[in-house]
Amino acid sequence: MAILSKKDTKLITDPLADNNPITIQVLGICSALAITADLKASLVMGIAVLFVMGVGNVVISLLRNLIPSKIRIIVQLIVVASLVIVVDQFLKAYAFELSKTLSVFIGLIITNCIIMGRFEAFALANGPYRSFLDGIGNALGYAVILILVGFFRELLGAGTLFGIPVLGDPIEKTGLFSTGYENNGFMLMPPMALIIVGLIIWVQRSRNKELIED
Amino acid sequence: MSFKGNLHNLKEKYRGTKMAPAFNAIHTFLYLPNEVTHAGGTHIKAADDLKRTMNIVIVALLPCLLFGMFNAGYQYYAAIDAANGITSEFTILGSFLTLDNLWIGIIKVLPLVIVSYGVGLLVEFIFAVIKGHEVEEGYLVTGMLVPLIVPVDTPLWMLSVAVVFGVVIGKEVFGGTGMNILNPALTIRAFLFFAYPTWMSGDKVWVYDAVERTGTADAISGETILGSYAQNQEVAYSTFDKFMGFIPGSVGETSTFLILIGASILIFTKIGSWRIILSVFVGAAAMGLIFNQIVAFDIITETSKFYGLMNTVWWEHLTIGGLAFGAVFMATDPVTGSQTNKGKWIYGFLIGFLSIMIRVFNPAYPEGVFLAILLMNVFAPTIDHYVVKGNVTKRMKRLKVKTA
């Protein structure tokens, strides 16, 4: 017997591909552009969103019958904000360097449209268990794109992955590598992240014709 | 059987197959196709289809290319002489149009042209075959423009990467020739500039071999005029040199004189818009004059980092830094420029105006021209929209007056 029913599995797998929050719903773009210049930051951002969304969706789902609908946005914001502060403090304590790289963008998870979107669209109308799965699924979908973009940007822009040179030994201060590769500075700029996200969308839609809108 | 007949047979052989567009493209490149649209009725046969249009632009560019090849050699030997402290008298026949100079041009500039065309057309052919449409002519001009606007020492692999990026992201994703919002040649240049800034600026890249020789006893360099001005240095080139183009710079953009000859070909054949060309120069002159006045009124003094460029006489701005090349061959691109006559004036004026502004205020972007043109490419449809709307409003008013 499978651990998850078919319907529940779809909650996790759908946002990974055919209903991806970034490439299909085009939400959460700003953080995807801002912090994907290196892979480590992308990964940590993905994990942070995973935590906030998984826990946040459960909390909102548990509170869903108590929240007056007139002030639900405020309640949602308070839940996200408290979770984000937990993540922020945790990073400051255990990964200070990284928290400096991510700077305001951890704080800005609060405004990440994916999170508020899932609270509104799913957690307010479903039980805690399914909300949890939905949160995990969407956060994973977000993280997958972030990691993909971060992978290409760091590899081609700095010749490293997780800060480790993978394209030969770098020659100091020149951006050149012993293998002859040369850093592509454009990759480290936000416009290139947008172009890479665009290319991912292009590949995804040409593989699955159902996603093409007229 | 004639060459044309052979091409026609090839085309017939591959009709309806996936590879058909590739053969159609070769066939119609030089010859009119044999078939007519339908048996009866009237046929209009005109010589100025898109391929001829593109070919004329290439003809207009050829003087710049040839000059660029000689100039590549001339700058090389001049830099070596300067490094060795030799001063030789300059004569056009004796020291410029020499076989030695041409040889450097052949080994350095021709590969740029070949790589640009080879890679660009390969991408075009692949897209034509995948999408099943005819190969579009757009790359003919882009392929010639690209080698002319890059420094002579640009590595060939770098050029290929940039061409693939420029053609795919700058053009094909929008739907190919005629649908692009940005000039593909400038997209390629912008990619190179932002991706590999060390190869696109500084005082080494403009002269053949200067990068290789850095740090050795034979080191040579050639700073562009804008580069020198930005550092508040005097330049040794006379106005005549600047106008004729015997100065370091990107391959084919140094000679304002030959660019103007190209411009006259474009204007005579009505392919380039004289409104855009003229208004770019007017806009640049206006901004140059404003800066000159700022210096004249002592608002900026010699201690300022902007002094060198602001103090440049306004007409000198028109002959340096690729402004003329941008005005004549880039801004006039019919796809990305404004379409309405009034819009063309505004579009061109702002290109010139912004070029000089970027050039002066940000010495890190000495080639403000390409940034200004790309920016105005984005705004061209907006300008057209308001020009058309303004015209509609005007005529509506006239209509009301008559009917009232």
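K.L.:
Explain the overall build of chain A residue by residue, including any values.
P.N.:
Secondary structure assignment for chain A yields nine helices and four strands. Secondary structure elements of chain A occur, N-terminal to C-terminal, as α-α-α-α-α-α-α-α-β-β-β-β-α. The C-alpha radius of gyration computed for chain A amounts to 19 Å, which stays within 12% of the reference 17 Å derived for 214 residues, consistent with globular compactness. Its C-alpha atoms give chain A principal-axis dimensions of about 60 × 45 × 40 Å. Per-residue burial over chain A gives 44% buried out of 214 residues. For chain A, the share of sequence-separated contacts (at least 6 apart) that also reach a separation of at least 24 residues comes to 73%. Accessible surface, chain A as shown: approximately 11,100 Å² in total, 69% of it carbon and sulfur. When the 16 positive and 15 negative side-chain charges of chain A are each reduced to one mean point, those points stand 9 Å apart.

K.L.:
Pulling in residues and values, what's your account of the overall build of chain B?
P.N.:
Scanning chain B from terminus to terminus reveals 19 helices and zero strands. What you see for chain B is a C-alpha radius of gyration of 23 Å, in line with the 22 Å of a compact globule of 404 residues. Dimensions along the principal axes, computed over C-alpha positions, put chain B at roughly 75 × 70 × 35 Å. In chain B, which comprises 404 residues, the proportion classed as buried is 52%. Excluding contacts between residues fewer than 6 apart, the proportion of contacts in chain B whose partners are at least 24 apart in sequence is 72%.

K.L.:
Summarise the pattern of salt bridges; cite the residues concerned and give the values.
P.N.:
All names here are of chain A. A complete count under the given rule lists seven salt bridges over all chains for this structure. Ionic pairing is found between Lys 92 and Asp 88, a salt bridge with its closest N-O pair at 3.6 Å. Of this pair, Lys 92 and Asp 88 both sit in helix H4 (residues 72–94), separated by four residues, roughly a single helical turn. For Lys 92, a relative accessible area of 41% translates into the label partly exposed. Where Asp 134 meets Arg 118, a salt bridge forms, and the shortest distance between an N and an O atom there is 3.0 Å. You can see Asp 134 sitting in helix H8 (residues 128–158) and its partner Arg 118 sitting in helix H7 (residues 113–121), a full 16 residues away along the chain. Residue classification places Asp 134 among the buried positions, given a relative accessible area of 3%. Judged by its relative accessible area of 15%, Arg 118 falls in the buried class.

K.L.:
Summarise the interface of chain B and chain A; cite the residues concerned and give the values.
P.N.:
Many analyses report the size of an interface as the accessible area lost when the parts associate. Taken together, the contact pairs 13 residues of chain B with ten residues of chain A. Between chain B and chain A, the buried area comes to about 910 Å², and carbon and sulfur atoms account for 71% of it. One can count zero salt bridges joining chain B with chain A. Our count for the contact surface shared by chain B and chain A stands at two residue pairs in polar contact (both at pLDDT 80 or more). Mapped by element, the contributors of at least two residues to the side of chain B that touches chain A are helix H7 (156–170), helix H8 (184–195) and helix H9 (197–200) of chain B. With five residues, H7 of chain B is the largest single contributor of residues to the side of chain B that touches chain A.

K.L.:
Which residues make up the packing of helix H14 (residues 274–296) of chain B against helix H17 (residues 323–330) of chain B, and what values go with them?
P.N.:
All names here are of chain B. Contact geometry for H14 and H17: axes closest at 8 Å, N-to-C directions at 150°. In terms of axis orientation, H14 runs roughly antiparallel to H17. Crossing angle aside, the handedness with which H14 passes H17 is right-handed. On the side of H14, the interface is formed by Ile 277, Val 280, Phe 281 and Ala 284, while H17 contributes Leu 323, Ala 324, Ala 327 and Val 328. Grouping the amino acids of the contact of H14 with H17 by side-chain chemistry returns eight nonpolar, no polar and no charged.

K.L.:
I'd like a description of the side chain of Ser 160 of chain B, backed by residues and values.
P.N.:
The topology assignment puts Ser 160 of chain B in helix H7. Setting aside chain neighbours within four positions, we find Ser 160 of chain B in contact with Val 115 and Val 119 of chain B.

K.L.:
Break down helix H3 (residues 50–84) of chain B for me, citing the residues and quoting the values.
P.N.:
Residues and elements named next belong to chain B. End to end, H3 covers 51 Å across 35 residues, agreeing with the expected 51 Å (1.5 Å per residue, within 8%). For H3, the principal kink sits at Leu 61 and spans about 35°; a proline, Pro 63, occurs within the next four residues. After H3 finishes, the residue Gly 85 shows a positive phi value of roughly 75°.

K.L.:
Talk me through the nonpolar core; I want residue IDs and the actual numbers.
P.N.:
Where a protein is soluble and globular, its nonpolar side chains tend to be buried together. Of all hydrophobic cores here, the largest spans 151 residues; its most connected members are Ile 106 and Ile 109 of chain A together with Leu 192, Phe 325, Phe 329 and Tyr 347 of chain B. In this structure, Ile 109 of chain A is in contact with Met 45, Ala 48, Val 49, Val 52, Val 80, Val 84 and Ile 115 of chain A, ignoring residues within four places of it in sequence. Listed in part, the five residues of the second largest apolar core include Leu 11, Ile 12, Phe 122 and Ile 136 of chain A.

K.L.:
Can you break down a positive patch on the surface residue by residue, with the values?
P.N.:
Side chains of Lys 342, Lys 394, Arg 395, Arg 398 and Lys 402 of chain B sit close together on the surface and give a patch of like positive charge. Looking at where Lys 402 of chain B falls in the secondary structure, it is placed in helix H19 (residues 368–403).

K.L.:
Break down the environment of Leu 156 of chain B for me, with residues and values.
P.N.:
Residues and elements named next belong to chain B. Relative to the elements of secondary structure, Leu 156 occurs in helix H7. For the pair Leu 156 and Pro 111, spaced 45 residues apart in the sequence, the C-alpha separation amounts to 7.7 Å. Aside from chain neighbours lying at most four places away, what touches Leu 156 is Pro 111, Leu 112 and Val 115.

K.L.:
Lay out H14 of chain B with the relevant residues and their values.
P.N.:
All names here are of chain B. With 23 residues, H14 extends 32 Å from end C-alpha to end C-alpha; this agrees with the ideal 33 Å at 1.5 Å per step. Near the N-terminus of H14, the side chain that reaches the backbone nitrogen of Arg 275, with its oxygen 3.2 Å away, is that of Ser 273. Trailing H14 by a residue or two, Asp 298 shows a phi angle of about 60°, which is positive.

K.L.:
Please provide a residue-by-residue account of the environment of Ile 24 of chain A, values included.
P.N.:
All names here are of chain A. Structurally, the position occupied by Ile 24 is in the loop between helix H1 (6–16) and helix H2 (29–34). Under the relative-accessibility criterion, Ile 24 is labelled buried at 18%. Between the C-alpha atoms of Ile 24 and Arg 205, which are 181 residues apart in sequence, the distance is 9.1 Å. When residues no more than four places from it in sequence are discounted, the contact partners of Ile 24 are Ala 17, Asp 18, Asn 19, Gln 204, Arg 205 and Leu 211.

Rules used throughout
Chains are numbered independently. Their residues run from 1 in the order of the written sequence. Working convention: letters from A go to chains and numbers from 1 go to ligands, in the order in which they are written. Note on the predicted model: pLDDT of at least 70 is required for a residue's local features to be given, and 80 or more for side-chain atom pairs to be given and counted; whole-chain, interface and lining totals, by contrast, use all residues. Only hydrogens and water are removed before side-chain values are computed, so all heavy atoms of the structure are retained for them. Only DSSP runs of H or I with at least four residues qualify as helices, and only runs of E with at least two residues qualify as strands; both kinds are numbered from the N terminus onward. Throughout, radius of gyration means the C-alpha value; the globule benchmark is 2.2 Å times the number of residues raised to the power 0.38. Each residue's exposure class comes from its accessible area (1.4 Å probe, protein chains only) as a fraction of the maximum for that residue type: buried when under 20%, exposed when over 50%, partly exposed otherwise. In this description, contact between two residues means that some pair of their heavy atoms is separated by no more than 4.5 Å. For every accessible area listed, the method is Shrake-Rupley and the probe measures 1.4 Å; residues are considered covered only by the protein chains on display. For the purpose of counting charges, residues Lys and Arg are taken to be positive, whereas Asp and Glu are taken to be negative. His and the chain ends are not included. Each charge is placed at NZ for Lys, CZ for Arg, CG for Asp and CD for Glu. We count a salt bridge whenever a side-chain nitrogen from Lys or Arg sits within 4 Å of a carboxyl oxygen from Asp or Glu. Buried area: the accessible area, evaluated with a 1.4 Å probe, that two parts lose upon being put together, summed over both parts. Polar contacts, as counted here, are pairs of nitrogen or oxygen atoms within 3.5 Å of one another; within protein the pair requires one atom able to donate a hydrogen and one able to accept it, and residues that are adjacent in sequence qualify only if both atoms are side-chain atoms. Axis lines are fitted through C-alpha atoms, for helices just across the contact stretch, and the angle between N-to-C directions can take any value from 0 to 180 degrees. Roughly parallel means an angle under 35 degrees; roughly antiparallel, over 145; roughly perpendicular, 65 to 115; everything else is oblique. Less than a right angle of anticlockwise turn of the near helix away from the far helix marks a crossing as left-handed, whereas a clockwise turn marks it as right-handed. By the convention adopted, Pro, Cys, Tyr, Trp, Phe, Met, Ile, Leu, Val and Ala count as nonpolar, Lys, Arg, Asp and Glu as charged, and the other residues, Gly among them, as polar. The span you would expect from a helix comes to 1.5 Å times its residue count less one. By definition, a residue's bend is the angle between the axes fitted to the seven residues ending there and the seven starting there. Take the buried residues of types Ala, Val, Leu, Ile, Met, Phe, Trp, Tyr and Cys, join any two whose side-chain atoms come within 4.5 Å, and each joined set is a nonpolar core. Every patch collects residues that have over 30% relative accessible area and no salt bridge, joining them within 9 Å if they carry like charges and within 5 Å if they are nonpolar side chains (Val, Leu, Ile, Met, Phe, Trp, Tyr).

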